[in-house]
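Report on the structure
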Amino acid sequence: MMSDDELRRKVVEVLAAEFELDPAALVPAATLYDDLDLDSLDAVDMVVVLEKTFGLKLSDEEKLRSIRTMDDLFNFLIELKAKQA
Amino acid sequence: MSMNRVVITGRGAVSPYGLGVQQLLDGVWQGRSAVKVMEAWRQISGLKSLLAAPVPPFDAKNKLPRARRRSMGPVALYATLAAQEAAADAGLSEAFLTGGEVGAVIGSTTGSPEALAALYGHYLLDNSIEAIKAGEFFKIMGHSCSANVCMTLGITGEQWAPTSACTSAAQALGLGYLLVQSGRQQAMLCGGADETHASVTGVFDVVRAASCRNETPGATPSPFDLKRDGVVCGAGSGILVLESLDSARQRGARIYGEICGFGHVNDSEHIAHPHSTSMARAMVRAMAEAGVSSADIDYVNAHATGTEQGDRAEAQAIAQAVRGSVAVSSLKGHFGHTLGAAGGLETIVLLEMLLRQELVPTLHLEDIDPDCHCVDLVQHLRPQAIKTVIKNNFALGGVNAAFIIRRVEDDV
C-alpha cells in the first residue's frame, strides 16, 4: 500500500504534468486558486486525473469545494484512501 | 447613410506549409505540393483515400499558455495562431483590438474532429461521461474557433461563427465585410479553419469525391486536369483583418486590397452537386455590387477542388459570368482543399498575387479537360498586370460565394 509521502509525491507529479506547473511550486501551503492560478474548470480536471491515478472516487462535492491548499488536498486524499482501501 | 469602404490590412496563416504567411507564400511560389500519405489511415476499414495536406507538427506549448490551450482542439489552435499573426501584421494596438470596435467572425466545418472522436469514443463505448475533462466541450462546439480567438486576443466586439463547410471562411469574410461596411464595427478578424482527420476525408470518400492516388501524393489533386480524381483535404487557418478605409488611413495601415463586392447565393438544387448557373449568379452579383463590368476582371481565383463536376461547372460559370479569355487558376493543387480555411488561406495568396503582379498556376494541371477549356487556365507562373479580381468559394449544401477584390492605389 502506498505511504502518505508516496501519495503526496504522486499528487505533485500528476498535477504538475496536468497543469504544466513547476513541481517545486506545489508546496503544502500553496493555494490552488491564487498561488497556482487554477480555476473551476481546472478543479474538474483535477478530480478526473486524481480519480484515474489513485483509482478512487472523489464524490464528496462539499469536501472538494472546501479544499483551498495543496495540504488540504493531500489530507483529503489520505483520508479517502484510508476509507476506500 | 454612407457606407464604409472595406479594406484588408492584415494577414495570418497556419497552413500545410507550416506556421505563418511567409511559409504559405514560399510553398506556393516554389510550386511545392503539401500533400502526404497518412500511413495510420491504412487501418480504417473502407477508407480508400489516404491523402491529406496536414499542418506539420509543432509544439503548441511554446505558442500559448495552458489556460488558453485547454479549450482548443487543433482547429481552434490554428485559428488563434493565425489571428494573432493577422492582428500583429495589421499593427492593431492593444487598445484598439480590445476596445469593442473590433470583432471576430471565424468559421469551421465543425468543432475539432479529433476532440469529437475522443469525446464520443469515450461516451459511446463506456456509456459514461465520468472521465470527460472540462475543456472538451469548448473544443467541439461550433464556434470553438471564434470563441478561443476572442478569449486569447481580448476581443470584445461582435463574435460570429459561420459553419458552412467549404465556405465557412468565405462567409466569414462576407459577414465581416457587411459589419465593417455598415459601421457596426471598425475592424473584423475574419476567416476560417479546419483540421486533418480521417473522418473528414471520409466524408468525400463516401460520396466518391476523394482523390485515391495514394501512390503519387505529390501529383494530386489536379483541378481542371483530365486525369483528376477528386479532392485532397488540407488543414490550417487563414485570417484576414478587414477594416474601414477611414480607420486604416487614420492608423496609417498597410492596405493589401479592397473588398468591393460580395455575391452570395443559394442554389437550392441538390445537397451535393455544384450548380453552374448559381456560381455565375454569385459572380454577377458581386460585380454588380462592386460597380465593375466583366471586362474589368483581370483574374479569377477558382474554388476548383479537382472533381469533374465541380471544376467543369465553375469553368463554365466563369466563362458565362466573366468571359472566356479571363485568366483562372486554383490553389487546391498546392495545398489541397483546406475546407473551412480555404477562403482565408486562398485570399491571402490572392492578395500576394495582387502585390507581386503575378498569377500562380494550378499545380499539376498538365492535360486540360476540354470541358474546362472555356477559360484561360494558368499553367505556369505568369507575370500579369492585375487590378480587379474575383475569389470564388462554394460549399456542399448549395452555398455559392464570390468576392470582388481590388488593388488599392495610393490615390484612391
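Residues numbered from 1 in each chain as written. Chains lettered and ligands numbered in written order. Predicted model: local features only at pLDDT ≥ 70, side-chain atom pairs only at ≥ 80, totals over all residues.

What follows is about the overall build of chain A. Helix and strand counts for chain A come out as 4 helices and 0 strands. The N-to-C order of helical and strand elements in chain A reads α-α-α-α. The C-alpha atoms of chain A give a radius of gyration of 12 Å, which matches the 12 Å a tight globule of 85 residues would have. Based on the C-alpha atoms only, the size of chain A along its principal axes is roughly 30 × 25 × 20 Å. Residues counted as buried form 14% of the 85 residues belonging to chain A. Across chain A, every contact between residues at least 6 apart in sequence was considered, and the portion connecting residues at least 24 apart equals 58%. (Helix = DSSP H or I, 4+ residues; strand = E, 2+ residues; numbered from the N terminus. Rg over C-alpha atoms; globule rule 2.2 N^0.38 Å. Buried ≥ 20, exposed ≤ 12 C-beta atoms within 10 Å, placed from the backbone. Contact = placed C-beta atoms within 7 Å.)

For the rest of this paragraph, the subject is the nonpolar core. Among soluble globular proteins, nonpolar side chains are generally buried collectively. Core analysis: the largest hydrophobic core is formed by 128 residues, its most contacted members being Ala79(B), Ile106(B), Leu189(B), Leu242(B) and Met283(B). If one sorts the elements of this core by residue count, helix H3 (residues 74-90) of chain B sits on top with 11 residues. In this structure, this core is formed jointly by two domains, domain 1 (7-251) and domain 2 (262-406) of chain B, each of which donates at least three residues. Every residue in contact with Leu242(B), bar those within four places of it in the chain, is listed here: Val6(B), Ile8(B), Gly176(B), Tyr177(B), Val180(B), Ala187(B), Met188(B), Cys190(B) and Ile259(B). One finds Val11(A), Met46(A), Leu50(A) and Leu77(A) within the second-largest nonpolar core, a separate group that totals 9 residues. (Core = buried A, V, L, I, M, F, W, Y, C linked by C-beta atoms within 7 Å. Domains from an automatic or database assignment.)

Moving on to the domain arrangement of chain B. Residue and element names in this part refer to chain B. Segmentation of chain B into domains returns domain 1 (7-251) and domain 2 (262-406). Spacing between the C-alpha centres of domain 1 and domain 2 amounts to 21 Å. Contacts between the two partners involve 59 residues from domain 1 and, on the opposite side, 49 residues from domain 2. Of all the secondary-structure elements, those providing two or more residues to the side of domain 1 that touches domain 2 are strand E1 (6-15), helix H1 (21-29), strand E4 (51-53), strand E5 (102-108), helix H8 (168-182), strand E7 (187-194), strand E8 (233-234) and strand E9 (236-244). Ranked by residue count, the leading element in the side of domain 1 that touches domain 2 is H8, at 7 residues. The class makeup of the residues in the side of domain 1 that touches domain 2 is 32 nonpolar, 22 polar and 5 charged. (Nonpolar A, V, L, I, M, F, W, Y, C, P; charged D, E, K, R; others polar.)

Residue and element names in this part refer to chain B. Looking at where Thr-307 falls in the secondary structure, it is placed in the loop between strand E11 (299-302) and helix H12 (308-321). Along the backbone, Thr-307 and Gly-336 are 29 residues apart, and their C-alpha atoms lie at a distance of 12 Å. Here Thr-307 is in contact with Ala-209, Gly-230 and Val-231, once residues within four sequence places are set aside.

Here we come to the packing of H1(B) against helix H14 (residues 342-356) of chain B. When two helices pack together, their arrangement is given by the angle between the helix axes and the distance between those axes. All names here are of chain B. The N-to-C vectors of H1 and H14 enclose an angle of 70°; their axes lie 11 Å apart at closest approach. On the basis of the axis angle, H1 is roughly perpendicular to H14. Contacts between H1 and H14 involve Val-21, Leu-24, Leu-25 and Val-28 on the former and, on the latter, Leu-345, Ile-348, Val-349 and Glu-352. (Axes fitted to C-alpha atoms, helices over the stretch in contact; angles between N-to-C directions. Parallel < 35°, antiparallel > 145°, perpendicular 65-115°, else oblique.)

Okay, the confidence of the model for chain A next. Of the residues in chain A, 99% reach a pLDDT of 70 or more, and the chain-wide mean stands at 95. Taken element by element, chain A is modelled with least confidence in helix H3 (residues 61-65) of chain A, mean pLDDT 92, and with most confidence in helix H1 (residues 4-18) of chain A, mean pLDDT 97. (pLDDT = per-residue confidence, 0-100.)

For chain B, the mean per-residue pLDDT works out to 97, and 99% of the residues sit at or above 70. Across the interfaces of the predicted complex, the ipTM metric reaches 0.90, alongside a pTM of 0.96.

The next point concerns the sheet that holds strand E3 (residues 36-37) of chain B. All names here are of chain B. Spatially, E3-E4-E8 is the arrangement adopted by the 3 strands of the open sheet, whose pairing is mixed. In the strand order of this sheet, the two ends are held by E3 and E8, each with one partner. Pairing between E3 and E4: 2 bridges, direction antiparallel. Note that in E4 the partner of Val-37 across the bridge is Leu-51. (Pairing = 2+ DSSP bridges.)

Right, let's get into the pairing of E9(B). Residues and elements named next belong to chain B. Burial runs high along E9: 9 of the 9 residues are buried. Burial along E9 is two-sided: Gly-236, Gly-238, Leu-240, Leu-242 and Ser-244 facing one way and Ser-237, Ile-239, Val-241 and Glu-243 facing the other are all buried. Two elements, E1 and E9, share 8 bridges in a ladder whose sense is antiparallel. If you follow Val-7 over to E9, its bridge partner there is Glu-243. In this sheet, E9 lies alongside E7 in antiparallel orientation, the contact comprising 8 bridges. Residue Asp-194 lies in a different strand from E9, and its bridge partner there is Gly-236.

Moving on to H3(B). All names here are of chain B. Here H3 contains 17 residues, and its C-alpha end-to-end distance of 24 Å stays within 8% of the 24 Å for a straight helix at 1.5 Å per residue. By the criterion of burial, H3 is predominantly enclosed, with 15 of the 17 residues buried. One or two steps after H3, the chain reaches Gly-91, where phi turns positive at roughly 70°. (Expected span 1.5 Å × (residues − 1).)

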